Amino acid sequence: MDKKLHTGLQVTLGFLLGVALNVVVFQAGLLLAYFLRSSTAQWIHQGLMIAPGAIQVIYQIPLILFLRLRGNRGLALGVIIAASVYALLNALFLWLAMSGKVDL
């Protein structure tokens, strides 16, 4: 019983870590785009809005591999779940924006 509770707590903490990373990276990208105010900023903004999955690979995959190698499988699973939820939500909002149902 303690093993399952400990694993559930690790997965929850990993999920929160993944959510925090997504928020920090997204905000950092927006701040960078705001301060640059150039064609590079437009590229960064489009990358954040259209292809966050590609950006996620840059920081999520190494973190997941690091956690798994350190033996924190629960944390790694939580980060994977957070990345999946983020990717699915982005796909949903991108589809809504492309279909014209929502203006972004």
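Definitions and cut-offs
- Counting of residues starts from 1 at the beginning of each chain's written sequence and follows it residue by residue.
- Whole-chain, interface and lining totals are the exception, using all residues; otherwise, since this is a predicted model, local features are given only for residues with pLDDT of at least 70 and side-chain atom pairs are given and counted only at 80 or more.
- With hydrogens and water set aside, each side-chain value is computed from the structure's full complement of heavy atoms.
- The predictor attaches a confidence to each residue, called pLDDT, with possible values from 0 through 100.
- Numbering of helices and strands runs from the N terminus; a helix is a DSSP stretch of H or I covering at least four residues, while a strand is a stretch of E covering at least two.
- Side-chain atoms within 4.5 Å are what join buried Ala, Val, Leu, Ile, Met, Phe, Trp, Tyr and Cys residues into a set we call a nonpolar core.
- Only protein chains enter the accessibility calculation, which uses a 1.4 Å probe; a residue whose area is less than 20% of its type maximum is buried, one above 50% is exposed, and one in between is partly exposed.
- Pairs of residues are marked as contacts when any of their non-hydrogen atoms sit within 4.5 Å.
- Multiply 1.5 Å by the residue count of a helix minus one, and that product is the helix's expected span.

S.K.: Which residues make up the confidence of the model for the protein chain, and what are the values?
M.R.: When pLDDT is averaged across the protein chain, the result is 80; 74% of the residues are at 70 or more. Across the protein chain, element-level confidence peaks in helix α4 (residues 73-99) with a mean pLDDT of 85 and bottoms out in helix α2 (residues 39-50) with 66.

S.K.: Summarise the nonpolar core; cite the residues concerned and give the values.
M.R.: If you look at the biggest cluster of nonpolar residues, it comprises six residues: Leu-63, Ile-64, Leu-67, Leu-75, Ala-76 and Val-79. Breaking this core down by element, the ones donating at least two residues are α3 (52-69) and α4. What Leu-67 contacts, discounting residues up to four positions off in sequence, is Leu-17, Asn-72, Arg-73, Leu-75, Ala-76 and Val-79.

S.K.: Quick one: what's the story with α4, residue by residue and with numbers?
M.R.: Counted at 1.5 Å a residue, the expected span for α4 with its 27 residues is 39 Å, and the 39 Å between its end C-alpha atoms agrees. Taken together, the buried positions of α4 are occupied by Gly-74, Leu-75, Ala-76, Gly-78, Val-79, Ala-82, Ala-83, Asn-90 and Leu-96. Of the residues flanking the end of α4, it is Gly-100, one or two places downstream, whose phi is positive at about 85°.

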